[in-house]
Amino acid sequence: MSAHHVELVMGMAVSIDVRDDVDSSLASHAVADVVRWLHHVDATFSTYKPESPISLLGTGRLTLDDMSPEVLGVLALCEDLRDDTDGAFDALVVPAPNGSTLDPSGVVKGWCIERAAELLEGHGLRDFCINAGGDIALRGNPTPGEPWRIGIRHPDEADKSAAVVLGADRLAVATSATYERGAHIIDPATGAPTADLASVTIVGPDLTYADAYATSVFVMGLDGLNWLIERHPDYAGFVITWDGRAVSTPNFAEHRAS
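Within each chain, residue numbers correspond to sequence positions counted from 1 in written order. At least 70 in pLDDT is required for a residue's local features to be given in this predicted model, at least 80 for side-chain atom pairs to be given and counted, and no such filter applies to totals for whole chains, interfaces and linings, which use all residues. With hydrogens and water stripped out, all remaining heavy atoms of the structure feed into the side-chain values.

Draft legend 1. Main features of the overall build of the protein chain. What the protein chain contains, in helices and strands, is 6 helices and 12 strands. Only C-alpha atoms enter the radius of gyration, while the globule expectation follows 2.2 Å times N to the 0.38, with N the number of residues. Expected size for 258 residues packed as a compact globule is a radius of gyration near 18 Å; at 18 Å, the protein chain falls within 12% of this value. On the principal axes, the C-alpha backbone points of the protein chain span a range of 50 × 45 × 30 Å. Each residue gets one of three labels from its accessible area relative to the maximum for its type: buried under 20%, exposed over 50%, partly exposed in between, using a 1.4 Å probe on protein chains only. Among the 258 residues that make up the protein chain, the fraction classed as buried is 50%. Only the protein chains shown count as cover for residues, with accessible areas throughout obtained via the Shrake-Rupley method and a probe of 1.4 Å. Surface summary for the protein chain: the accessible area is close to 11500 Å², and the carbon and sulfur share equals 51%. The centroid of the 17 positive side-chain charges in the protein chain is displaced by 4 Å from the centroid of its 38 negative side-chain charges. Helix and strand labels come from DSSP, where a helix needs a run of H or I of at least four residues and a strand needs a run of E of at least two; each type is numbered from the N terminus. The positive count covers Lys and Arg only, the negative count covers Asp and Glu only, and His and the chain ends enter neither. Lys charges are placed at NZ, Arg charges at CZ, Asp charges at CG and Glu charges at CD.

Draft legend 2. Quick look at unusual backbone geometry. Unusually for a residue other than glycine, Met10 sits at a positive phi of about 55°. On the basis of relative accessible area, Met10 is assigned to the partly exposed category, the value being 23%. The phi angle at Asp86 is positive, at roughly 55°, despite the residue not being glycine. As for its placement among the helices and strands, Asp86 is situated in the loop between helix 3 (69-84) and helix 4 (105-122). The exposure class of Asp86 is exposed, given its relative accessible area of 59%.

Draft legend 3. Spatial organisation of the sheet that holds strand 4 (residues 135-140). Read from one edge of the open sheet, 8 strands run 1-2-3-4-7-10-11-12, paired in antiparallel fashion. Two strands close off the open sheet at either side, each with one partner strand: strand 1 (3-9) and strand 12 (246-248). Strand-to-strand, the axes of this sheet are offset by a mean angle of 10°, without reference to chain direction. Strand pairing is assigned whenever DSSP detects at least two bridges linking the two strands. Alignment of strand 4 against strand 7 (residues 169-177), held across 5 bridges, turns out to be antiparallel. In the sheet register, Arg139 faces strand 7, and the bridge partner there is Arg170. Any pair of residues with heavy atoms lying within 4.5 Å of one another is described as a contacting pair. Here an axis means a line fitted to C-alpha atoms, over the contact stretch when the element is a helix, while the angle between two N-to-C directions is reported on a 0 to 180 degree scale. Seen against the sheet, helix 4 touches strand 2 (12-18), strand 3 (128-132), strand 4 and strand 7 and runs at an angle of roughly 155° to strand 3.

Draft legend 4. Quick look at the environment of Phe89. Among the secondary structure elements, Phe89 is positioned in the loop between helix 3 and helix 4. Through-space distance from the C-alpha of Phe89 to that of Thr249 is 20 Å; in sequence the pair is 160 residues apart. Once residues lying within four places of it in the same chain are set aside, the contact partners of Phe89 are Cys78, Leu81, Arg82, Gly106, Val107, Ala212, Thr215 and Ser216.

Draft legend 5. Structural context of the packing of aromatic side chains. Stacked, edge-to-face and tilted labels apply to pairs of Phe, Tyr and Trp rings (six-membered ring for Trp) whose centres lie within 6.5 Å, assigned for plane angles under 30 degrees, over 60, and everything in between, in that order. Taken as a whole and assessed by the stated rule, the structure comprises 6 aromatic pairs. Taken together, a centroid distance of 5.9 Å and an interplanar angle of 40° make the contact between Tyr209 and Tyr213 tilted. Placement of the pair is Tyr209 and Tyr213 together in helix 5 (residues 207-220), with a separation of 4 residues, close to one helical turn. Their ring planes at 80° and their centres at 5.5 Å tell us that Tyr213 and Trp227 sit as a pair that is edge-to-face. With Tyr213 in helix 5 and Trp227 in helix 6 (residues 223-231), the pair connects residues that are 14 residues apart, well separated along the chain. Taken together, the ring pairs in this structure connect Tyr209, Tyr213, Trp227 and Tyr235 into an aromatic cluster.

Note that every value here comes from positions in space, so none of it alone points to a role or purpose.
Written out as structure tokens, the structure reads:
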């Protein structure tokens, strides 16, 4: 039987939708493992929690020597992304709620949900969707022979979709936008929020990178689509501008419902 669970964590609702025809106890156990993981990540990486390891590091109360391999791995990932994006993604210059300028949130959510999907797979599950505030990891199909359908919210009309992404087997969909939280995405070059675009959606094989690339392209502006084409052709981008234009990379058509 299928299972559905919504957990309030990391300041948002995370929905876990399992469609495998499996014993309910197996599905419940798998979902419980994911819930524990989500709260562990929140306790470790939240810049809203002054006693989280990332806050203690950012405010100088702990050093890198005090960090777990998990935290060091995420920080190394942030360094790789900074180099890859020519500084459009930079976790070391983002003003954080804890008063520091260390905030890896631009990749932690995608990384966390991708690991959550791996947890479900480790329990033998193959057909599921995890949605964390618009960052989505898909596996398999919702019903046999049918793809998942993921709507990209219209920036001006919350009850409408600007496009629909079709996903089957394995797919990640990540959206960066200002319509939920206002102008909160920081341009590392200026240290100020940027809102030149209405929304950016990135589609590809791994939510860790789709999430980070969505943030990066949002900072880069429309030129970010050219960066994506040149550097990461296995990912597709879809951008909505404030004047209502929809611009996408050519390979986005492979994922878009007609």
